[in-house]
Amino acid sequence: MTPDELLSLADNPNLIAGIYNYCDRWCERCRMTHRCLLYASTPREEDLPSGSVEEKQHAVVRQIEASFQLTIDLLNKLAQEKGIDLNEIAEDENPVLERKRDRKTIEKSPLTRLAKEYLDQTQRWMDNLDIAANAKDKELQQAHLMQFPDRDPERELAELKNSIDVVHWYYFQINVKLTLAQMSRQSEADHPEDEDQISKDSNGSAKVALIVMENSIGAWGLFLQHFPELEESILNILSILSRLRRMTEAEFPDAHRFHRVGFDDE
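As a convention, each chain's residues are numbered from 1 in the sequence order in which they are written. At least 70 in pLDDT is required for a residue's local features to be given in this predicted model, at least 80 for side-chain atom pairs to be given and counted, and no such filter applies to totals for whole chains, interfaces and linings, which use all residues. Processing note: side-chain calculations cover all non-hydrogen atoms of the structure and skip hydrogens and water entirely.

Quick look at the environment of Asp 165 now. What counts as a helix is a DSSP run of H or I of at least four residues, what counts as a strand is a run of E of at least two, and both are numbered from the N terminus. When you line up the elements, Asp 165 lands in helix 7 (residues 153–170). The rule is simple: take the accessible area with a 1.4 Å probe, protein chains only, and divide by the maximum for that residue type; under 20% is buried, over 50% is exposed, in between is partly exposed. The class for Asp 165 is partly exposed, based on a relative accessible area of 25%. When the C-alpha positions of Asp 165 and Ala 219 are compared, they lie 9.0 Å apart, and in sequence the two are 54 residues distant. The contact criterion used is simple: two residues touch if any of their non-hydrogen atoms lie within 4.5 Å. Asp 165 has contacts with Trp 26 and Arg 29, leaving out every residue within four places of it along the chain.

Below, the structure written as structure tokens:
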């Protein structure tokens, strides 16, 4: 895709500007992909060449490189149209250094530390799920063969698979969205006159994090039903996640009121 093609695509009146800033990046389950510029301009997984895993990985790397190059080309094009010589712009390291300091401060915040704890605990739990998952699979196969009247193995399997997908997809995103929310809040503090309290970007990122947490809590609750032998570890993770939700609501009290255009209109 060329810069002109991207700009032409962005002019589509059916697309919602910036809708991708407040989503969970799960395009396969999103009902708003037809309104999203990011989705329209991103190569699909099915467009990857068939072949070995290594060949597909190389293809993904090439797609990422092409995306970066497109961004650079677009920046150069817009600068040229406005008569700006990017080579003559004085390099100012102060904002970069300040942003790095802000990032380090955020990394040490109680909110980020707890989000990181959830990420680490979840990753370890998922890495050790094979034995319990295999035992559950055998149980469901047996229930199917025995045709127990009070069991629906196909439904149970679908619910379990969905819960695994939900936890796996979201457990990195919570930390990412909360980091973005905190970084935006620091930037907004320097420009308090720019926008009203509720529509701040920090609230948008925090709202997505809270939605992701709610979905994850539901998935862990279902794990509790299917893996009673793992009750202690599941309850421990649920406790971390519940505390993280309460802490996020306390730090971003207006997050639930943030209006995500498109997503919150139905």
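The rest of the description comes next.
Turning our attention to the side chain of His 226. Tracing the sequence through the fold places His 226 in helix 9 (residues 201–226). For His 226, a relative accessible area of 7% translates into the label buried. Ignoring anything within four residues of it in the chain, the contact list for His 226 reads Lys 136, Glu 156, Glu 159 and Leu 160.

Turning our attention to the packing of helix 8 (residues 173–189) against helix 10 (residues 231–251). For the pair helix 8 and helix 10, the least separation of the axes is 12 Å and the interaxial angle reads 20°. Put simply, helix 8 runs roughly parallel to helix 10. Relative to helix 10, helix 8 is oriented so that their crossing is left-handed. Taking contact as the criterion, the partners of Ile 174, Leu 178 and Arg 185 in helix 8 are, on helix 10, Leu 241, Leu 244, Thr 248 and Glu 251. In this description, a line fitted to the C-alpha atoms serves as the axis of each element, helices being fitted only across the stretch in contact, and the angle between N-to-C directions of two axes falls anywhere from 0 to 180 degrees. Angle categories are assigned with fixed cut-offs, so that under 35 degrees is roughly parallel, over 145 is roughly antiparallel, 65 to 115 is roughly perpendicular, and the rest are oblique. We call a crossing left-handed when the near helix sits turned anticlockwise from the far one by less than a right angle, and right-handed when that turn is clockwise.

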